[in-house]
Amino acid sequence: MGDFVRLEISDGIGTIRLERPPMNALNTQVQEELRTAAATVTTDPDVRAVIVYGGEKVFAAGADIKEMADMSYVDMAARAVELSGALGAIARIPKPVVAAITGYALGGGCELALACDWRVAAEDAKLGQPEIKLGIIPGAGGTQRLARLVGPARAKDLIMSGRMVDATEALAIGLVDRVVPADRVYAEAVALVQPYLSGPAQALRAAKLAVDGGLDMDLNSGLAWESQLFAALFATDDRREGMAAFVAKRKPDFTGR
C-alpha cells in the first residue's frame, strides 16, 4: 500500500500491517497510508474481516513527537482533524476489525487499537494514553472511544495520569478482549474473526452500524435506527437464505449479498 503500511489479503482476511521500525510511530505519512488501506478493505469484496497488526515486537508506540514538536496551534488545528479522520477511517470499516497488539500500544497507537472492534493483546503488552506527560491530551479519539469502552472514570484515570496498563489490567477493565502469549497474538486475532468470514456480510455490516451509530443517539433514536437497518436486511439474498436454511434445518450458504 505504501512505505509504512502494507495490506495483505489471504483467505478473506485483510491484514493492515504497520511497518515503520523501530516503534511504528504514526507520522503523517503513516496516518494517510492507514486511511488508504481502510478505503481499500472497505470496498474489496474479497475482504470479509480485517486485522490491524504492528508485527511481532510492537503495535504502535504513538504519534511522531519529533514531527509535532515545532507545530503551532494554527498548524495543528488543520492537522488534528486529519489525524482523527485517519483513525476514524479504520473505525468506519463496515466489516469486523480486530487489533492484534504486541509490545506497546501507546498514545496514537492505543487510539488506533480503540478504533477497532476488538483487541487481542500479548501477555506482556502495555497500553496507555501518555499524552498528558507532553502537556497535551489524546487527539485522535482517545478521550471519546476510551470513555465509551471502559467508562468515564477509568478513562479519566488513564488519560489524566498518563500511566500505562499491563495486559492483565487492560483485560479486567475491558480495554482488551483477549490476552494470549506474544507468539500467538496474530493467530488468536485470526481465530477471533474466523466465524465472520462465511457469515452474512450485509447483516454484519448492519450490526456494526447499529451499535456504533446508536452510541451517538438517545435511546428512541437508536431504536429507530436499529429498526431501519433491520428492515433493510429483508432486501438481501442472505436473509432469504438464512431463513430458508433455518426452516430446512440445514447450514446456510451465505454469499454476502
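Scroll up to find the structure.
It should be emphasised that the depicted structure is a prediction, and the values quoted were computed from it without experimental measurement.

Enquirer: How should I be thinking about the overall build of the protein in this particular structure?
Expert: When you go through the protein residue by residue, the secondary structure sums to eleven helices and nine strands. At 19 Å, the protein has a C-alpha radius of gyration in line with the 18 Å of a compact globule built from 257 residues. C-alpha extents for the protein along the principal axes are approximately 65 × 40 × 35 Å. Per-residue burial for the protein yields a buried fraction of 44% across its 257 residues.

Enquirer: Is there a simple way to think about a nonpolar patch on the surface in this case?
Expert: Together, Met-23, Tyr-104 and Met-164 line one region of the surface with nonpolar side chains, adding up to about 260 Å² of accessible area. Within the element layout of this structure, Met-23 appears in the loop between strand E2 (13-18) and helix H1 (28-43).

Enquirer: What should I look at first to understand the layout of surface pockets in this one?
Expert: The volume enclosed by the largest pocket comes to roughly 930 Å³. Forming the walls of the largest pocket are 30 residues, and the residues nearest its centre are Ala-91, Asp-117, Arg-145, Asp-212 and Leu-215. Breaking the lining of the largest pocket down by element, the ones donating at least two residues are helix H3 (73-91), strand E6 (118-122), helix H5 (142-150) and helix H9 (201-214). For the lining of the largest pocket, the element with the most residues is H9, which contributes eight residues. The residue inventory of the lining of the largest pocket, partitioned by class, reads 15 nonpolar, five polar and ten charged. Its volume calculated, the second largest pocket comes out at about 530 Å³. Lining the second largest pocket are 23 residues, and of these Ile-65, Met-68, Glu-131, Ile-136 and Ile-137 sit closest to its centre.

Enquirer: Looking at this structure, I do not really get empty space enclosed by the protein. What am I missing?
Expert: The gaps left among the atoms become clear once a water-sized probe is rolled over them. Within this structure, the stated rule accounts for one cavity of 30 Å³ or more. Roughly 70 Å³ of internal volume is contained in the largest cavity. Taken together, Leu-26, Thr-28, Gln-31, Ala-63, Asp-64, Glu-67, Met-68, Met-71, Met-76, Arg-79 and Leu-83 make up the full set of residues lining the largest cavity. Taken together, the elements giving at least two residues each to the lining of the largest cavity come down to H1, helix H2 (65-68) and H3. Of all the elements, H3 adds the most residues to the lining of the largest cavity, at three residues.

Enquirer: I would appreciate a short explanation of the pattern of salt bridges in the present structure.
Expert: Charged atoms that come close allow side chains of opposite charge to pair. If you walk through the whole model with that rule in mind, you get 16 salt bridges. With a shortest N-O distance of 2.3 Å, Arg-6 and Glu-19 are connected by a salt bridge. With Arg-6 in strand E1 (residues 5-10) and Glu-19 in the loop between E2 and H1, the pair connects residues that are 13 residues apart, well separated along the chain. Residue Glu-19 is classed as partly exposed on the basis of its relative accessible area of 28%.

Calculation criteria
- Residues numbered from 1 in each chain as written.
- Predicted model: local features only at pLDDT ≥ 70, side-chain atom pairs only at ≥ 80, totals over all residues.
- Heavy atoms only, no water.
- Helix = DSSP H or I, 4+ residues; strand = E, 2+ residues; numbered from the N terminus.
- Rg over C-alpha atoms; globule rule 2.2 N^0.38 Å.
- Buried < 20%, exposed > 50% of the residue type's maximum accessible area, 1.4 Å probe, protein only.
- Patch = residues over 30% accessible without salt bridge, like charges linked within 9 Å, V, L, I, M, F, W, Y side chains within 5 Å.
- Areas by Shrake-Rupley, 256 points an atom, 1.4 Å probe, with all protein chains shown as cover.
- Salt bridge = Lys/Arg side-chain N within 4 Å of Asp/Glu carboxyl O.
- 1 Å grid on protein atoms, 1.4 Å probe; cavity = no way out; pocket = protein on both sides within 12 Å on 5 of 7 lines; lining within 4 Å.
- Points joined across faces, edges and corners; volume = space filled by probe spheres on them.
- Nonpolar A, V, L, I, M, F, W, Y, C, P; charged D, E, K, R; others polar.

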